[in-house]
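In case you want the letters, here they are:
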Amino acid sequence: MAYLGTPGNTVEILKKYNFNVQKKYGQNFLVDTHILDKILDASAITGQDCVLEIGPGIGTMTQYLAESAREVIAVEIDRALIPVLEETLSSYDNVTVINEDILKVDIRRIAEERNGGKPIKVVANLPYYITTPIIMGLFESGIPLDSITIMVQKEVAERMKAGPGTKDYGALSLAVRYYAEPEIIMQVPPACFIPRPGVGSAVVRLRRYEVPPVSAKDERYMFALIRASFNQRRKTLVNGLANAAGLPVTKEMAADALKQMGLSPTVRGEDLTLAQFARLSDFLAE
Ligand code: SAM
């Protein structure tokens, strides 16, 4: 089977299977071997690795992964792609395709069964409509992870890297920084895909920290505070937290915690660093 990462080979296989691209599944197939090489380089896969690929599509990147990794688990939601993958991956005996929704699959169990609970590497050209739930799901479910190397929408890559006081800074920036060190590897223009997406893309690598850079007594509570702070971005932190549904924080409690931290009573969530959110959460949890 020829490599798929060229426009000619991709169009040929799509035609052969009479495949209709599904917008609802965020299907944009990568057709640039240079970008594929870069993604593989960034992911630093070795022959020891068990790799999870999210959304293999027609198998373009899966072929590359199968040649570098010990084992590849590829989770694809679209049933119509399964016969295509059977053909394009037929010469690899180290790939397992699972026809499932990545948000429903028990990745923890897969990592346990296939990799003895050791950290896996995730590599994906993500479906953009569910980027955040996929990333948060990977982090929060406690799956043993080494790194995540992913193609995402350019704006999302910028949000992951953003720091306090910028317009892109938000709950995703803080979550990424708590769990991993983010790095933008490269920008990828729409012309590198078939069909072309309406937005620019970027490859991002998230290297999982062994220990988070800050410690909060109750991690879940800290993230509940972070989400509440950015849900009402334009409000002061005191008002945002006091108005948040399901968060037992009054204006007085929030104002008192800010005072103890030496912060202004009119500060907004977007001004706080991750370390400050961790401290705030410890004050309020008491
Ligand atoms: N990896 C291929 C490539 O690089 O050419 C395809 C990438 S395409 C941007 C995203 C892929 O994710 C599609 O194949 C799509 O069907 C699949 N997908 C979308 N939603 C999914 C979900 N919830 N679970 C698993 N796969 C999904």
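So, here's what we can say about the structure. All values reported here derive from a predicted model rather than from experimental measurement.

Let us look at unusual backbone geometry. For the peptide bond that leads from Ile194 to Pro195, omega is -15 degrees, which places it in the cis range. At Ala44, a position not held by glycine, the phi torsion is positive, near 50 degrees. Assignment of secondary structure puts Ala44 in the loop between helix H2 (33–43) and strand E2 (50–54).

Moving on: the site of the ligand. Within the structure, the ligand sits among 23 residues, and Gly55, Glu76, Asp101, Asn125 and Tyr129 are positioned closest to it. Note that an oxygen atom of the ligand is positioned 2.9 Å from one of the backbone N or O atoms of Leu30. Contact between the ligand and Glu76: an oxygen atom at 2.6 Å from a side-chain N or O atom of the residue. Judged by its atoms lying within 2 Å of the grid points, the ligand is housed in the largest cavity. The set of elements that each furnish at least two residues to the shell around the ligand consists of strand E1 (29–30) and strand E3 (71–76).

Turning to the packing of aromatic side chains, a few remarks are in order. One pass over the full model with this rule turns up 7 aromatic pairs. Where Phe139 meets Tyr179, the ring centres are 4.8 Å apart and the plane angle is 10 degrees; that geometry is what we call stacked. Residue Phe139 is found in helix H6 (residues 131–140), and its partner Tyr179 is found in helix H8 (residues 171–179); the two are separated by 40 residues along the sequence. Comparing Phe139 with Tyr179 shows no difference in burial state: the two are buried. Pairing Tyr178 with Tyr179 gives two aromatic rings, centres 5.0 Å apart and planes at 85 degrees, and the pair type is edge-to-face. Of the two residues, Tyr178 and Tyr179, neither departs from the other in class, the shared state being buried. Ring pairing ties together the aromatic residues Phe139, Tyr178, Tyr179 and Phe223, which thus form one cluster.

Most of strand E5 (residues 120–125) is tucked away: 6 of the 6 residues are buried. Here E5 shows no split at all, with Ile120, Val122 and Ala124 on one side and Lys121, Val123 and Asn125 on the other all buried. Pairing analysis gives 4 bridges linking E2 to E5, with the strands arranged parallel. For Val51, the partnering residue across the bridge sits in E5 and is Lys121. Relative to strand E6 (residues 145–153), E5 runs parallel, the two sharing 6 bridges. Its bridge partner being in E6, Asn125 is matched across the sheet by Met151.

Rules and cut-offs
- Residues numbered from 1 in each chain as written.
- Predicted model: local features only at pLDDT ≥ 70, side-chain atom pairs only at ≥ 80, totals over all residues.
- Heavy atoms only, no water.
- Helix = DSSP H or I, 4+ residues; strand = E, 2+ residues; numbered from the N terminus.
- Near = heavy atom within 4 Å.
- Polar contact = N/O pair within 3.5 Å; in protein donor to acceptor, adjacent residues only side chain to side chain.
- 1 Å grid on protein atoms, 1.4 Å probe; cavity = no way out; pocket = protein on both sides within 12 Å on 5 of 7 lines; lining within 4 Å.
- Sits in = over half its atoms within 2 Å of the grid points.
- Phe/Tyr/Trp six-rings, centres within 6.5 Å; stacked < 30°, edge-to-face > 60°.
- Buried < 20%, exposed > 50% of the residue type's maximum accessible area, 1.4 Å probe, protein only.
- Pairing = 2+ DSSP bridges.

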